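# Fold and geometry: a report
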Amino acid sequence: MSAVLAQDIQDICMCDIVASTNVAIIYSVWSCDVSGVPTSNVCNWEGVSCSTADGVVVALTLYYGHINGSLPDSIGSLSSLRSLYIFGNSFTGSLPDSMGSLSSLTSLDLHGNDFTGSLPDSIGSLSSLYYLDLGSNDFTGSLPDSIGSLSSLYYLDLYWNSFTGSLPDSIGSLSSLSSLYLHGNSFTGSLSDSIGSLSSLYYLYLGSNSFTGTLPSVWGLMPSLYILYATNTSLSGTVSTTFCTHPSVYLLYVILLASQTWLAVVGPIAGALLGQL
C-alpha cells in the first residue's frame, strides 16, 4: 500500500470518528469538511499521537472528555494504532468486528463508558495486546473462546458489566496474565480448573457473580497467586488445603454457602496474623 493511500484511509477513519461522535464539539481542532476530508493535519489534533517517521496515527488518548457516540467500523483501518485510551466518556454501541484488525494494538482502555453488546470474536486477533480494560460498561453475553488467543495479555479487567455464562476454558491459555478482574457481572457455572494453569496470575477477583461449586483445588498450586477475592457468589463446600499451604497467598476472601463469610489469611505469615484474630 502506498503512503498516500494509507494516509487517505487514515483520514477517512478520523473523519468517521468526527461524524459518529461529538468530539468536534469538545475539541474544535477535530474538523472535517463536507466531503469528509480533515481541515488540518490529524497529527495536530487533540489527543492524537503520530509516528514522526511516517505520520501514521499510533495513539488516541481522549479520556474523561465528555465524548459520546460510537466507534465507526473504519476504526480497524488504523493499522499502526498501538494505544486506544477513551475511558471515562459516554461512548455507546457495540465494538465493531473491525477492531480485530488492529494488529499493532498493545493497550485498549474503554472503562467507564456505556458500550453494549457482546465482545466480537475478532478480539482474539489482537495478538500484540497486553492491557485490556473494559470495566464499568454494559457489555453482555458470554466471553468468546477467542479471548484465550491473547497470548501477550498481562492485565484483563471486565468488572461491572453484564457478562453471562460460564468462563471459557481458553482463559487458561493466557500464560502472561497477572491480573484478572471479573467481579460485578452475571457469570454462572463452576470455576474451571484451566485457570490453575495461569502461573503468572497475581490478582484474581471473582466477586458479585453467580459462580457455583467449589474452588478448584488446583488453583491453590498457582505459584504467583497473592489475592483471591470471591465474595457474593454461590460458591459452597470446603476450601482445599492447597490454599493453606501456598507459599505466597496472602488473602483469600470468599463467601461460602451463600450466607457465611469465610476469611482466611494464609501463607508464610499466617501464624502471626491468625494469632491476632
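The structure presented is a predicted model; accordingly, all values stated were derived computationally and were not measured.

### A closer look at the overall build of the protein chain
Looking only at helices and strands, one finds 4 helices and 19 strands in the protein chain. For the protein chain, the residues scored as buried account for 51% of the 277 residues in total. Taking the intrachain contacts of the protein chain between residues at least 6 apart in sequence as the baseline, contacts between residues at least 24 apart amount to 45%.

### Some thoughts on the packing of aromatic side chains
Enumeration according to the criterion identifies 17 aromatic pairs in this entry. Between the aromatic rings of Trp30 and Trp45, the centroid separation amounts to 4.8 Å while the plane-to-plane angle is 40 degrees, which identifies the pairing as tilted. One end of the pair, Trp30, is in the loop between helix 2 (23-26) and strand 1 (48-50); the other, Trp45, is in the loop between helix 2 and strand 1, with 15 residues separating them in the sequence. On the basis of relative accessible area, Trp30 is assigned to the buried category, the value being 0%.

### Looking at the side chain of Asn89
Relative to the assigned elements, Asn89 resides in the loop between strand 4 (83-85) and strand 5 (90-93). When its relative accessible area of 6% is taken as the criterion, Asn89 is described as buried. Engagement of the side chain of Asn89 in a polar contact is seen with the backbone nitrogen of His66, the distance being 3.0 Å. Looking at Asn89, its side chain comes within polar contact range of the main-chain oxygen of Phe87, at 3.4 Å.

### As for the state of the cysteines
Taken as a whole and judged by the stated rule, the model has 2 disulfides. There is a disulfide in this structure between Cys15 and Cys32, and the S-S distance comes to 2.1 Å. One disulfide, between Cys15 and Cys32, carries an S-S torsion of -100 degrees and so falls in the left-handed class. Of the two residues, Cys15 is situated in helix 1 (residues 3-20) and Cys32 in the loop between helix 2 and strand 1; the sequence distance between them amounts to 17 residues. Looking at Cys15, the relative accessible area reads 7%, which means it is buried. Residue Cys43 pairs covalently with Cys50 via a disulfide, S to S 2.2 Å. Looking down the S-S bond of the Cys43 and Cys50 bridge, the torsion is -95 degrees, so its handedness is left-handed. Cysteines bonded in the protein chain are numbered consecutively along the chain; their disulfide partners then correspond to 1-2, 3-4. Cys13 carries a free sulfur, and the closest cysteine sulfur to it, the one in Cys15, is 9.3 Å from it.

### Here we look at the pairing of strand 13 (residues 186-190)
Inspection of the sheet shows strand 11 (residues 162-165) paired to strand 13 by 2 bridges, in the parallel sense. For Thr164, the partnering residue across the bridge sits in strand 13 and is Ser186. Relative to strand 15 (residues 210-213), strand 13 runs parallel, the two being bridged by 3 bridges. If you follow Ser190 over to strand 15, its bridge partner there is Thr212.

### Describing the sheet that holds strand 15
If you trace the 8 strands from one edge of the open sheet to the other, you get 3-5-7-9-11-13-15-17, paired in parallel fashion. What marks the edges here is a single partner per strand, and that holds for strand 3 (68-69) and strand 17 (234-235). In the sheet, strand 9 (residues 138-141) pairs with strand 11 via 2 bridges, with the strands oriented parallel. In the sheet register, Thr140 faces strand 11, and the bridge partner there is Ser162.

### Re the environment of Ala6
Following the sequence through the fold, Ala6 ends up in helix 1. By relative accessible area, which is 30% here, Ala6 ends up partly exposed. Sequence separation between Ala6 and Val56 is 50 residues, and the spatial gap between their C-alpha atoms is 8.4 Å.

### Some details on unusual backbone geometry
Look at Ser136: it is not a glycine, yet its phi comes out positive at around 55 degrees. Overall, Ser136 belongs to the partly exposed group, its relative accessible area being 31%. A positive phi angle, close to 55 degrees, is found at Asn232, a residue other than glycine. Looking at where Asn232 falls in the secondary structure, it is placed in the loop between strand 16 (227-230) and strand 17. A relative accessible area of 47% places Asn232 in the partly exposed class.

### Some thoughts on the side chain of Asp133
Here Asp133 is to be found in strand 8 (residues 131-133). Separated by 3.5 Å, the side chains of Asp133 and His111 make a polar contact. Those residues in contact with Asp133 that sit more than four places away from it in its chain are Leu108, Asp109, Leu110, His111, Tyr155, Asp157 and Tyr159.

What counts as what
The residue numbering used here restarts from 1 in each chain and proceeds along that chain's sequence as written. Where totals are concerned, whole chains, interfaces and linings use all residues; where local detail is concerned, this predicted model gives features only for residues with pLDDT of at least 70, and gives and counts side-chain atom pairs only at 80 or more. To obtain the side-chain values, all non-hydrogen atoms of the structure were used and water was disregarded. Working definition: helices are DSSP H or I runs of at least four residues, strands are E runs of at least two. Numbering for both runs from the N terminus. Here's how the labels work: a residue is buried when its accessible area is under 20% of the maximum for its type, exposed when over 50%, partly exposed in between, all with a 1.4 Å probe on protein chains only. A contact between two residues is defined here by any heavy atoms of the two lying within 4.5 Å. Put simply, two rings from Phe, Tyr or Trp (the six-membered ring, in Trp's case) pair if the centres are within 6.5 Å, and we call them stacked under 30 degrees between planes, edge-to-face over 60, tilted for the rest. Within 3.5 Å is the distance limit for a polar contact, defined as a pair of N or O atoms, with the added protein rule that one can donate a hydrogen and the other accept it, and that residues adjacent in sequence qualify only through two side-chain atoms. Cysteine sulfurs are considered disulfide-paired once they come within 2.5 Å of each other. Whether two strands pair comes down to DSSP finding at least two bridges between them.

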